[in-house]
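Here is how the chains run, residue by residue.
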Amino acid sequence: MKNITERKQAETILKGENKNLETLVIKRSEELFKVQNELKQANRLSSIGTLAATVAHELRNPLGVIRMAAYNIRNKVNSPATNRHFEHIEKKIYESDLIINNLLSYSNIKLPHYQKVSAHNLLTDCIQLVGAKYLHKQIRVTKDIDPVKDEYIEADEFQIREVMINILDNAYQSIEHDHGRIRVKARIQDFYMKIKVQDNGVGIDKSEKADVFKPFFTNKSKGTGLGLAICHELVQLHNGKIELASRKFHGTAVTISLPMRRSYDGVQDPYN
Ligand SMILES: Nc1ncnc2c1ncn2[C@@H]1O[C@H](COP(=O)(O)OP(=O)(O)OP(=O)(O)O)[C@@H](O)[C@H]1O
Ligand SMILES: [Mg+2]
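This one's a predicted model, so the numbers in the text were calculated from it and none came from an experiment.

Enquirer: Quick rundown of a nonpolar patch on the surface? Include the residues and the values.
Expert: A contiguous nonpolar patch, built from Leu21, Leu24 and Val25 and spanning about 280 Å² of accessible area, is present on the exposed surface. A relative accessible area of 52% places Leu21 in the exposed class.

Here it is in structure tokens:
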């Protein structure tokens, strides 16, 4: 009799231990999966980064030499006939500098440093900051972001700021008429923060839609074509999504979706 009771007790204990072990294995596997993913992203980042930094560095030196030589010749010759050409050279050097700076910013992309970020404050700041650059354009900006006023997301504030500034810059730059409108909307949907920037600017041709996220694709005389490529990279690092919808001559809407919480993997809400 005693033996049977002892065996039952032992079995119950064993069952409990098994359950604990199972939970532990699942937890450790999840952790391992997360670390593996981070490692994969870090590797990918470092190869893009190394290439971009090398190219930027290699270009910066010859460009400096060209700038110096142009400056010296211009001073020596100092004739109105050649000055026009030198101005052109200087302008092109300046534009190349812009490309190099953006390349360096591309190469400096690091894994996000997660913090609690108020999307409402971040958007308000960015709208004000970018708007101040385009006061001459008289564009009406509407903010529809109050539904996220008391919410926060786990994200790298600096990186998401850069994303929003790039998207807003593009929206302002796309408007050439005098009844310009930009609408910024933020909502929470299925544990994601969705931010949409809509403009009524020139729009994008269907044939070019697939290219806009590629590095160096630009339609602007002073653009580097790295803005949206950087946005794409940064949003992806946050396990988010960036989408663009556009109609030529009507306008463009760019939407980013960011997971509200860092460890959210699309299957479960870790806070529930
Ligand atoms: N809101 C928009 N409306 C119309 N076209 C857009 C918009 N956003 C992006 N584009 C198109 O996509 C191209 C690539 O954008 P991206 O931001 O990557 O580079 P850029 O704006 O040309 O240069 P940079 O951002 O370096 O100043 C733009 O040149 C433009 O043709
Ligand atoms: Mg841009």
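Additional details are given in the paragraphs that follow.
Enquirer: Tell me about the site of ligand 1, and name the residues and values.
Expert: Around ligand 1 sit 19 residues, and of these Asn170, Thr218, Lys220, Thr224 and Leu228 come closest. In the environment of ligand 1, a nitrogen atom lies 2.9 Å from a nitrogen or oxygen atom belonging to the side chain of Asp199. Measuring from an oxygen atom of ligand 1, one finds a backbone N or O atom of Gly227 at 3.4 Å. With the chains in place, 92% of the 600 Å² that ligand 1 exposes on its own is no longer accessible. The cavity where ligand 1 resides is the largest pocket. Taken together, the residues that form the shell around ligand 1 break down as 6 nonpolar, 11 polar and 2 charged.

Enquirer: Lay out the layout of surface pockets with the relevant residues and their values.
Expert: Over the atoms a probe the size of a water molecule is rolled, and this reveals where empty space is left. Counted as a void, the largest pocket has a volume near 1,000 Å³. Along the walls of the largest pocket sit 40 residues, with Asn166, Asn170, Gln173, Thr218 and Lys220 positioned nearest its centre. Every element with two or more residues in the lining of the largest pocket is listed here: α2 (80-107), α4 (157-174), β5 (192-199), α5 (227-237) and β7 (251-259). Top contributing element to the lining of the largest pocket by residue count: α4, with 9 residues. Here the lining of the largest pocket is composed, by residue class, of 16 nonpolar, 15 polar and 9 charged. Two domains each provide a minimum of three residues to the lining of the largest pocket, namely domain 1 (1-111) and domain 2 (115-259).

What counts, and where the lines are drawn
- Every chain is numbered independently, its residues counted from 1 as its sequence is written.
- Here chains are named by letter from A upward and ligands by number from 1 upward, in the order in which they appear as written.
- With the structure being a predicted model, the display of local features is reserved for residues of pLDDT at least 70 and the display and counting of side-chain atom pairs for 80 or more, all residues being used for whole-chain, interface and lining totals.
- Processing note: side-chain calculations cover all non-hydrogen atoms of the structure and skip hydrogens and water entirely.
- For patches, a residue must show more than 30% relative accessible area and have no salt bridge; joins then use 9 Å for like charges and 5 Å for nonpolar side chains, namely Val, Leu, Ile, Met, Phe, Trp and Tyr.
- Here, Shrake-Rupley sampling with a 1.4 Å probe gives the accessible areas, and only protein chains in the shown set may cover a residue.
- Every case where a carboxyl oxygen of Asp or Glu lies within 4 Å of a side-chain nitrogen of Lys or Arg is listed as a salt bridge.
- Whether a residue is buried, partly exposed or exposed follows from its accessible area with a 1.4 Å probe, protein chains only, as a fraction of its type maximum: under 20%, in between, or over 50%, in that order.
- Throughout, near means a residue has at least one heavy atom within 4 Å of the molecule or strand.
- Under this definition, polar contacts are N or O atom pairs within 3.5 Å; protein pairs additionally need one hydrogen-donor-capable and one acceptor-capable atom, and for neighbouring residues in sequence, both atoms have to be side-chain atoms.
- In this analysis the probe radius is 1.4 Å and the grid spacing 1 Å, with only protein atoms considered; a cavity is a set of points the probe fits into but cannot get out of, a pocket is an open set with protein on both sides within 12 Å along at least five of seven lines, and lining residues have an atom within 4 Å of a point.
- Whether a molecule lies in a cavity or pocket depends on its atoms, and more than half of them have to be within 2 Å of the grid points.
- Throughout, the ten residues Ala, Val, Leu, Ile, Met, Phe, Trp, Tyr, Cys and Pro are labelled nonpolar, Asp, Glu, Lys and Arg are labelled charged, and all others, Gly among them, are labelled polar.
- Grid points are joined across faces, edges and corners, and a volume is the space filled by probe spheres set on the points.
- Only DSSP runs of H or I covering at least 4 residues are called helices, and only runs of E covering at least 2 are called strands; the numbering of each starts at the N terminus.
- In this document the domain limits rely on a domain assignment from an automatic tool or a database.

The quantities given are spatial measurements derived from coordinates; they are silent on function.
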